[in-house]
Amino acid sequence: MGSSSPLTRRNRAPSSVLLIFCCFILCFLHSSNAQTKPVFACDVDTNPSLAGYGFCNTLLKIEYRVADLVARLTLQEKIGFLVSKANGVTRLGIPTYEWWSEALHGVSYVGPGTHFSSQVPGATSFPQVILTAASFNVVSTEARAMYNVGLAGLTYWSPNVNIFRDPRWGRGQETPGEDPLLSSKYASGYVKGLQDTDDGDANRLKVAACCKHYTAYDVDNWKGVERYNFNAVVNQQDMDDTYQPPFKSCVVDGNVASVMCSYNQVNGKPTCADPDLLAGVIRGEWKLNGYIVSDCDSVDVLYKKQHYTKTPAEAAAISINAGLDLNCGSFLGQHTEDAVKAGLVNEAAINKAISNNFLTLMRLGFFDGNPKKQIYGELGPKDVCTPANQELAAEAARQGIVLLKNTGCLPLSPKEIKSLAVIGPNANVTKTMIGNYEGTPCKYTTPLQGLAGTVPTTYLQGCSNVACAVADVEGATKLAAGADVTVLVMGADQSIEAESRDRVDLNLPGQQQDLVTQVAKASKGLVMLVIMSGGGFDITFAKNDEKIAGILWVGYPGEAGGIAIADVIFGRYNPSGRLPMTWYPQSYVEKVPMTNMNMRPDTSNGYPGRTYRFYTGETVYAFGDGLSYTEFSHSLVKAPPRVVSLRLEENHVCRSSECQSLDAIGPHCENTVSGFEVHVKVRNGGDREGVHTVFLFTTPPAVHGSPRKHLLGFEKIRLGRMEEAVVKFKVDVCKDLSVVDEIGKRKIGLGHHLLHVGDLKHSLSIRI
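Everything numeric in this text was worked out from a predicted model, so none of it was measured.

Student: Lay out the confidence of the model for the protein in plain terms, naming residues and giving numbers.
Tutor: Do not read the predicted coordinates in detail wherever pLDDT is low. On average, the protein scores 93 in pLDDT, and the residues at 70 or more come to 94%. Overall, residues 3-35 carries pLDDT values under 50, and its contacts beyond four positions in sequence, including any with other chains, amount to 171 contacts.

Here it is, written out as structure tokens:
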């Protein structure tokens, strides 16, 4: 979230959501020795009289059960269910329930709903989101297992699907990156992996996910501008083209149980008090089947910090009337009754809000009695931190690591290395590897441990921390001068980039650059640079340094990061990760204020635009960059047509006047064969197996400020040496080749569209 209030802020930082894999691993359910009792309502075994209540009757439809429960509550009891620590109602057999739990990349101790104990001392900690997206089903299984022993809730306020718009954002590490399509695919994939039940019942939830932070939220604390009072000025084109798609995908494609509104204002209105954004879009247009929750203390923020209302009662009323169902914090619990008495909000609006909350708990089985008798009742401590789950964390890190530079010296041969020097403030870290919104991991393997487990190794920290105010250049150069190979593990941690902590530049912190440069000069043998971070850095100096033979970006690689790093460096795993965001030069941020939300360039003032879709300037590394130890080639097997004709109705305006674009909906889309396929043969011409991601991009005609190029689809394939396979893409002309115009409408540009498939390009023309 912010799952931290302005009063109780918890600054943590994650990192790692690469484009690479959206597979969901099925888990096997084992028996448990659980002894602690979970929290649930309708405990008819203990109190048989509860069986007479309609809301406890599992044979009734959920909607009827919700209505029965709401009808039995007093106004004061109803208000108690508007807050994240929902008050119990003893007379109805309903216990207190804590809504706030987190599971961004593993079950987390952030949020009061989850904690670890001697019974479950840790949970599998996967890489930060910016590095990988493969672990969702495992996370939900471990969450259910912890719930069954009273250590966790059922509602998890993850994932973060905001666009990584600016490289300085401290929370970019939590996101899938800068591309709306990738973020949308990740969002729906995460939600389905977390929520979908093994019995396939679409109206039931394994655990409940929550997509956050809605919307246009990506400034935390930059040069005195804080998220609590930031007004994001966003035009309609950017809103519909960039900021909204991941949230729409969460709701429409993923059927997410919750959306969280953010601290910031959008165009002068607090998101948690904007009826157009909440009731209008989320629930009205997208048809959310669940609840809308505020970021923690957001309602308090709009009153106290933004001064949007004159009284607390007005703040409570305006939020509920806008469509807010649940307040993370206590504000609605304290001020809603006053709002009712003042006539600012009616009880029917409160009924609607708590009905959405109860509906979610009903879908989770919270009102179905003892969870030990339900579908996941057998799960317990034995299902947390299993060897299979820990191996999945290592595999996720392997697949996420991005090889950015290789002069041909990687992978290293352990047989040829007699001495390895490992240097750097991130070389032997533990907690840094798991980023923010973390939990207690099963165990750690540091980069140093992973490397030292393969070849004889000496180690020097080089700097006392990543801030690197003072670097031990003398000690580091001496160590490198005597080693066959030197691995420098540099980068950031939560003291550099985090929630409530945005960066002001893109340089490596402190004396890190000087340490790297001096070590490279003094080294006897090869030098490898490993960057551990959420965001990118301007490492042009290292990219151009001939003494540095290889560069890896490892994100925040999770509990098994050291295993993955060693496996890639020594060739036990062929790297396949691709960058999910642009790495800009330092000069970019010197002329672009973080508070400018515009995506498109503006030639009138020299504004260069943002992300690979609109930015045309120099990059250090580009979105999608990533090398392999083998060579992949592409050839077109089935090419798109050269011309696609859209048949217009007789009275269509574009028959009599020249048009640059057409609406992306209408009879011309329905009456035309408006789709085609692109088949690409991919060949692994190297001497080792590899995983390869094939991207399909398009460059549309220059109308409506269209992107210079944007992603249409991607497929990941695994090929053995000298093996080949065909990757197939289906393209819908009206859906996939359309762009968003200046007022938020989708349009099909008439004229030439350039498709980029791997290293191939193909031009087609759309005409009428």
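There's more to say after this.
Student: Before we move on, can you summarise the nonpolar core with the specific residues and values?
Tutor: Formed by 113 residues in total, the largest nonpolar core has its most connected members in Trp157 and Phe367. Considering every element that reaches this core, the biggest residue donor is helix α11 (residues 347-363), with eight residues. Judged by nonpolar contacts, the second largest core, of 84 residues, contains Leu412, Leu515, Val519 and Leu579.

Student: Could you give an account of unusual backbone geometry, with specific residues and numbers?
Tutor: For the bond running from Ser158 to Pro159, omega is 15 degrees, close enough to zero to count as cis. Within the secondary structure, Pro159 sits in the loop between α3 (136-147) and α4 (180-195). For the bond from Tyr214 to Thr215, the omega torsion is 5 degrees, close enough to zero to count as cis. Counting through the fold element by element, Thr215 comes out in the loop between β3 (211-214) and β4 (221-222). A positive phi angle is found at Thr611, which is not glycine, with a value near 65 degrees. Along the chain, Thr611 turns up in helix α19 (residues 611-614).

Student: Mind laying out the environment of Leu59, listing which residues take part and the relevant values?
Tutor: Tracing the sequence through the fold places Leu59 in the segment before α1 (62-71). Given a relative accessible area of 79%, Leu59 falls into the exposed group. Measuring from C-alpha to C-alpha, the distance between Leu59 and Asn87 comes to 26 Å, with 28 residues separating the pair along the chain.

Student: Let's hear about the state of the cysteines: which residues, and what values?
Tutor: Scanning all chains against the criterion turns up eight disulfides. One disulfide bridge connects Cys669 with Cys734, the sulfur atoms lying 2.0 Å from each other. Taking the sign of the S-S torsion, about -100 degrees here, the bridge from Cys669 to Cys734 comes out left-handed. One end of the pair, Cys669, is in helix α20 (residues 667-670); the other, Cys734, is in helix α21 (residues 733-736), with 65 residues separating them in the sequence. Residue class for Cys734 comes out buried when judged on its relative accessible area of 4%. Left unpaired, Cys210 is separated from the closest cysteine sulfur, that of Cys211, by 6.9 Å.

Student: Now, about the sheet that holds strand β10 (residues 291-294): what can you tell me, with residues and values included?
Tutor: Sheet architecture is open: three strands sit in the order β3-β7-β10, paired in parallel fashion. Of all the strands in the sheet, the pair left with one neighbour each is β3 and β10. Mean inter-strand twist for the sheet, computed between neighbouring axes without regard to direction, equals 30 degrees. Bridge count between β3 and strand β7 (residues 258-261): two bridges; the pairing is parallel.

Student: Summarise the UniProt feature "domain: Fibronectin type III-like" (unreviewed entry) in the protein; cite the residues concerned and give the values.
Tutor: Under the UniProt annotation, the feature "domain: Fibronectin type III-like" (unreviewed entry) is placed at residues 692-761. Annotation note: span residues 692-761, helix share 6%, strand share 61%, distance between end C-alpha atoms 18 Å.

Student: Provide a residue-level description of the side chain of Ser294, including the pertinent values.
Tutor: Among the structural elements, Ser294 can be located in strand β10. In this structure the side chain of Ser294 is engaged in a polar contact, spanning 3.1 Å, whose partner is the backbone nitrogen of Cys328. Excluding residues that lie within four positions of it along the chain, Ser294 makes contacts with Met260, Cys261, Cys272, Val299, Leu324, Leu326, Asn327 and Cys328.

Student: So what's going on with the environment of Leu82? Residues and values would help.
Tutor: When you line up the elements, Leu82 lands in the loop between α2 (75-80) and β1 (85-86). Leu82 gets classed as buried once you look at its relative accessible area, which sits at 0%. Distance in space between the C-alpha atoms of Leu82 and Phe331 is 9.3 Å, their sequence separation being 249 residues. What Leu82 contacts, discounting residues up to four positions off in sequence, is Ile320, Asp325, Leu326, Asn327, Leu332, Thr336, Ile350, Ala353 and Ile354.

Student: Break down the packing of aromatic side chains for me, with residues and values.
Tutor: The full count for this structure, using the stated rule, is 25 aromatic pairs. Summarising the aromatic geometry, the rings of Tyr97 and Phe366 are spaced 5.2 Å apart at their centres and angled 65 degrees between planes, so their arrangement reads as edge-to-face. A residue pair is termed long-range when its members are at least 10 positions apart, and Tyr97 in strand β2 (residues 97-98) and Phe366 in the loop between α11 and α12 (387-400) qualify at 269 residues. Neither Tyr97 nor Phe366 differs from the other in exposure class; each is buried. Three or more aromatic residues joined by ring pairs make a cluster, and in this case those are Tyr53, Phe55, Phe81, Tyr97, Trp99, Tyr291, Phe358, Phe366 and Phe367. If you follow Lys543 out to its NZ or CZ, it ends over the ring of Tyr621, 4.7 Å from the centre.

Conventions and cut-offs
- Residues numbered from 1 in each chain as written.
- Predicted model: local features only at pLDDT ≥ 70, side-chain atom pairs only at ≥ 80, totals over all residues.
- Heavy atoms only, no water.
- pLDDT = per-residue confidence, 0-100.
- Contact = heavy atoms within 4.5 Å.
- Core = buried A, V, L, I, M, F, W, Y, C linked by side-chain atoms within 4.5 Å.
- Buried < 20%, exposed > 50% of the residue type's maximum accessible area, 1.4 Å probe, protein only.
- Helix = DSSP H or I, 4+ residues; strand = E, 2+ residues; numbered from the N terminus.
- Disulfide = S-S within 2.5 Å.
- Pairing = 2+ DSSP bridges.
- Axes fitted to C-alpha atoms, helices over the stretch in contact; angles between N-to-C directions.
- UniProt positions renumbered as here; feature names shortened; annotations may be inferred.
- Polar contact = N/O pair within 3.5 Å; in protein donor to acceptor, adjacent residues only side chain to side chain.
- Phe/Tyr/Trp six-rings, centres within 6.5 Å; stacked < 30°, edge-to-face > 60°.
- Lys NZ or Arg CZ within 6 Å of the ring centre and 35° of its normal.

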